[in-house]
Amino acid sequence: MILIDEIASISKQWNQTLTALFKNDPGRASRFVAEGAGLRLDYSKHWLDSAVLAKLFDALEASDFSETRAAMFAGDRINTSENRAVLHIALRGELTDNFGVDGCSVMPSVIQARDQAYAFAEGIREGTFVGITGEAFTDVVNIGIGGSDLGPLMVSEALKPMIDGPRVHYVSNVDGAHLHDVLAALNPHTTLILIASKTFTTQETMHNAYKAKRWISSVLGEPAVAEHFAALSTNIGAVRAFGIADTRTFGFWDWVGGRYSVWSTIGLSLMIAMGSEIFDRFLSGAREMDRHFRDAPADNNIPILMALIGIWYRNGFGLDTQAILPYEQRLHRFSAYLQQMEMESNGKRVDRAGNSLDYDTCPVIWGEPGTNGQHAFFQLLHQGTMVCPVDFILTANSINTDHESHSLLNANCLAQAEALAFGKSTNTIYEEMLADGLSGSDATRLASHRTFPGNRPSSLIMMDALTPENLGALIAAYEHKVFTQGILWNVNSYDQWGVELGKAQCNALRPSFESGDASKFSTSTQESLRWLLEKKY
Ligand code: F6P
């Protein structure tokens, strides 16, 4: 791909350090900043100057980015391998928004589905909808996996102070321990189970769903299933076959990808826990970011800048990973959420037409909240042999905690960004050790161990507080970053064929755990199975 080749060749001429960039350009800190939808992106600590940025913008302009962005907003079927539109933006839209597919507005049905989910959620919260014994629901268990779990789970943690309804729990893993440990603490009389699955065929979710059904019906009888279950799905037939009534089924559409579905009825657990007003505020923040992404010029467009910076490191410098480090404990599942959003979207090896790519696509996304990471893997970030760009996420104010802790948290964040960028030279370290009374030979021996090379890039993504609006905007910013990168890499960001083979192999292998015969599989798998069965109690 020409654009990626160009980026690679521009990067070969890059020879400036962050220290030099700041020294030679006093206005850099205030100029390399973008703002929109309540977020501030400080990208001054990156290996960029105005000339490089201009070339990256040129590359974007030379791509089909503008047309494809317009096509996404117009509801065109840009997910070509599945022949689907990509319209999660409509889920946070208003009636006046003109989102539609095949010339037909989707907004009336989006709003109707949202209103139905809100009405059900309010009924649960107010105690109008109760369990079969007439008791109000105190606990809601969302059974789902991937996009049907990570989004609602992450948001429920991020907005925890706003939970004023029933408690919410999330079960995803087919490992029986997960469901067991959640249900062990709950009372079937007062528990509502949500089966969240776009397809309603996902093995793990269906396995756990049937176990939960047995848990309810064994105590309350089969008729209780109708009162204690609801489904969030596009597969109405399969939901009916499971035994959930249409009135308890909250649908969405094939143009909502699983990893982009938290805005849909997949967010029902959040609506129940926090109420429709908070959920509306969450949607409105995302809507603001959609408008920012659609309308802001590239040099003040947060998702575009995030995307270009990521491509610059990935394809210009071959950097393999991207760390997401929120200095906000309540975002502790945010990097796991982004792992699915980014890696399932852009972890692709063929272009949109199916041709093999000869350049790298999505890096590995990983991360943990600060300050915990500082006492674990930051050693590598500061002194390891690889450079890993960082997204620091931080808030000016904390919700429900004391100012003192928050200042300490933020001081840590800014200090880490500063230390990564500017480091500390061997010479300075050496002089400091001499001043502290070390001998010349000890100082010489230790100086290189204690040197910080610096020049390690990071973004600061800042907001006033982790409000529902800002969280919505933050997630939407990453969604649009992923979209933009997908265009530049020329991949289809909205399919996920790479998950299929493992699922099929599991279905084929499952009977071998009973029969002991895995002869259709490799000798390696046969040996592992033999050992597992031999050790089985
Ligand atoms: O297998 C991957 C995947 O399809 C994800 O894309 C999706 O979020 C997850 O499984 C769950 O799918 P469903 O909502 O259909 O159960």
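It should be noted that the structure appears before, not after, this text.
Note that the structure is predicted; figures quoted are calculated from it, not measured. Starting afresh in each chain, residues are numbered from 1 along the sequence in its written order. Side-chain atom pairs in this predicted model are given and counted only at pLDDT of 80 or more, local residue features only at pLDDT of at least 70, and totals for whole chains, interfaces and linings cover all residues. For side-chain calculations, the full set of non-hydrogen atoms in the structure is used, while hydrogens and water are omitted.

Visitor: What should I look at first to understand the site of the ligand in this one?
Guide: Summary of the distance rule: residues count as near a molecule or strand when at least one heavy atom falls within 4 Å of that molecule or strand. Around the ligand, the surrounding shell holds 14 residues, and the nearest of these are Ser148, Ser197, Thr199, Thr202 and Glu344. For this analysis, a polar contact is any N or O atom pair within 3.5 Å, provided that within protein one partner can donate a hydrogen and the other can accept it, and provided that sequence-adjacent residues contribute only side-chain to side-chain pairs. Measuring from an oxygen atom of the ligand, one finds a side-chain N or O atom of Ser197 at 2.6 Å. For the ligand, an oxygen atom lies 2.5 Å from a polar atom in the side chain of Thr202. Burial of the ligand by the protein amounts to 88% of the accessible area it has alone, namely 400 Å². In the scheme used here, Gly and all other residues not listed as nonpolar or charged are polar, with Ala, Val, Leu, Ile, Met, Phe, Trp, Tyr, Cys and Pro taken as nonpolar and Asp, Glu, Lys and Arg as charged. Taken together, the residues of the shell around the ligand break down into two nonpolar, nine polar and three charged. Here the Shrake-Rupley method, with its probe set to 1.4 Å, supplies the accessible areas, and only the displayed protein chains count as covering residues.

Visitor: Would you mind showing me how to read the pattern of salt bridges here?
Guide: The rule for a salt bridge is simple: a side-chain nitrogen of Lys or Arg has to be within 4 Å of a carboxyl oxygen of Asp or Glu. According to the stated counting rule, one finds 29 salt bridges in the structure shown. Residues Asp290 and Arg92 are paired through a salt bridge, measuring 2.8 Å at the closest nitrogen-oxygen approach. Placement of the pair is Asp290 in helix α14 (residues 276–295) and Arg92 in the loop between α6 (88–91) and β3 (100–101), with a sequence separation of 198 residues. Look at the salt bridges and you will find they share partners, linking Glu94, Asp97, Arg287 and Arg291 into a network. Under the DSSP-based scheme used, a helix requires at least four consecutive residues in state H or I and a strand at least two consecutive residues in state E, with every element numbered from the N terminus.

Visitor: Would you mind going over the sheet that holds strand β6 (residues 167–171) with me for this structure?
Guide: Across a sheet, paired strands are connected by hydrogen bonds in the backbone, their directions being either parallel or antiparallel. Between any two strands, pairing holds if DSSP finds at least two bridges. Within the open sheet, the five strands sit side by side as β6-β5-β7-β8-β9. Their pairing is parallel. The sheet is open, and its two edges are formed by β6 and β9 (249–250), each paired on a single side. Bridge count for strand β5 (residues 139–143) against β6 is five bridges, and the pairing is parallel. Residue Asn142 lies in a different strand from β6, and its bridge partner there is Tyr170. The sheet contacts of helix α9 (residues 176–184) involve β5 and β6, and relative to β6 the element is tilted by about 165 degrees. Throughout, a residue-residue contact means that at least one pair of heavy atoms, one from each residue, lies within 4.5 Å. The axes are straight lines fitted to the C-alpha atoms, using for helices just the contacting stretch, and the angles between their N-to-C directions are given from 0 to 180°.

Visitor: How should the nonpolar core be read in this particular structure?
Guide: One recurring pattern in soluble globular proteins is that nonpolar side chains are buried together. Counting 119 residues, the largest nonpolar core has Trp255, Leu268, Trp312, Phe334, Leu471, Ile475 and Tyr478 as the members making the most contacts within it. The element that contributes the greatest number of residues to this core is helix α21 (residues 468–489), accounting for twelve residues. Domain delimitation in this document rests on an assignment produced automatically or drawn from a domain database. Mapped onto the domain boundaries, this core takes at least three residues apiece from domain 1 (2–62 + 283–422 + 457–488) and domain 2 (91–274). Leaving out residues up to four positions away in the same chain, Leu471 has contacts with Met154, Val155, Ala158, Leu159, Phe282, Leu331 and Leu466. Residues enter a nonpolar core if they are buried and are Ala, Val, Leu, Ile, Met, Phe, Trp, Tyr or Cys, with the set joined through side-chain atoms within 4.5 Å. Any residue under 20% of the maximum accessible area for its type is buried, any over 50% is exposed, and the rest in between are partly exposed; the area is computed with a 1.4 Å probe on protein chains only. Ile143, Trp215, Ile216 and Val225 belong to the second largest nonpolar core, which has 23 residues in total.

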